[in-house]
Amino acid sequence: VTPDSPPFPKDQVIKFVTNYLPLPTLILLVFGYKFIKQSAMVRAKHMDFRGVCDPDNHFADWKEEEPPTTFWGKVWFFLVC
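Just so we're clear, the structure is a prediction, and the values are computed from it rather than from any experiment.

Trainee: I'd like a description of the overall build of the chain, backed by residues and values.
Mentor: Across its full length, the chain holds 3 helices and 0 strands. For the chain, the N- to C-terminal ordering of α and β elements is α-α-α. Within the chain, the proportion of its 81 residues that are buried is 1%. When the accessible surface of the chain is summed, it comes to about 8,500 Å², and 66% of that surface belongs to carbon and sulfur atoms.

As structure tokens, this is what we get:
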């Protein structure tokens, strides 16, 4: 390190900015939207999840789906339902 060299190499600065800038940007965008639209946060216990995988909730235009037969299909069905 010479006295004329910058304290941080340029590639480290670029990596730092590209790694840590998205988080405050996301927070600013989410809360900015909430402030401008004045929408409230909704807790999960107040959300309606019926119809996602509720076997008692059938709609007339739905066809009965066959159970998955492939490994990844079974994994997806396990995660979603």
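Trainee: Can you break down a nonpolar patch on the surface residue by residue, with the values?
Mentor: Together, F8, V13, F16, V17, Y20 and L21 line one region of the surface with nonpolar side chains, adding up to about 640 Å² of accessible area. Relative to the elements of secondary structure, F8 occurs in the segment before α1 (10-20). The exposed category is assigned to F8, whose relative accessible area is 56%.

Trainee: Describe the packing of aromatic side chains, and please don't skip the residues or the numbers.
Mentor: For the structure on display, the rule yields 2 aromatic pairs. Each ring, one from F71 and one from W72, has its centre 5.0 Å from the other, and the planes form 70 degrees; the classification is edge-to-face.

Trainee: I'd like a description of the packing of α1 against helix α2 (residues 22-37), backed by residues and values.
Mentor: Across the interface, α1 lies against α2 with an axial gap of 5 Å and an inter-helix angle of 30 degrees. Relative to α2, the element α1 lies roughly parallel. Of the residues in α2, those in contact with V17, T18, N19 and Y20 of α1 are P22, L23 and P24. Here the contact of α1 with α2 is built from residues that sort into 5 nonpolar, 2 polar and no charged.

Trainee: Let's hear about the confidence of the model for the chain: which residues, and what values?
Mentor: On average, residues of the chain carry a pLDDT of 82, and 79% of them reach 70 or more. Ranking the helices and strands of the chain by mean pLDDT puts α2 first, with 94, and helix α3 (residues 71-80) last, with 88.

Cut-offs and rules
- Residues numbered from 1 in each chain as written.
- Predicted model: local features only at pLDDT ≥ 70, side-chain atom pairs only at ≥ 80, totals over all residues.
- Heavy atoms only, no water.
- Helix = DSSP H or I, 4+ residues; strand = E, 2+ residues; numbered from the N terminus.
- Buried < 20%, exposed > 50% of the residue type's maximum accessible area, 1.4 Å probe, protein only.
- Areas by Shrake-Rupley, 256 points an atom, 1.4 Å probe, with all protein chains shown as cover.
- Patch = residues over 30% accessible without salt bridge, like charges linked within 9 Å, V, L, I, M, F, W, Y side chains within 5 Å.
- Salt bridge = Lys/Arg side-chain N within 4 Å of Asp/Glu carboxyl O.
- Phe/Tyr/Trp six-rings, centres within 6.5 Å; stacked < 30°, edge-to-face > 60°.
- Axes fitted to C-alpha atoms, helices over the stretch in contact; angles between N-to-C directions.
- Parallel < 35°, antiparallel > 145°, perpendicular 65-115°, else oblique.
- Contact = heavy atoms within 4.5 Å.
- Nonpolar A, V, L, I, M, F, W, Y, C, P; charged D, E, K, R; others polar.
- pLDDT = per-residue confidence, 0-100.

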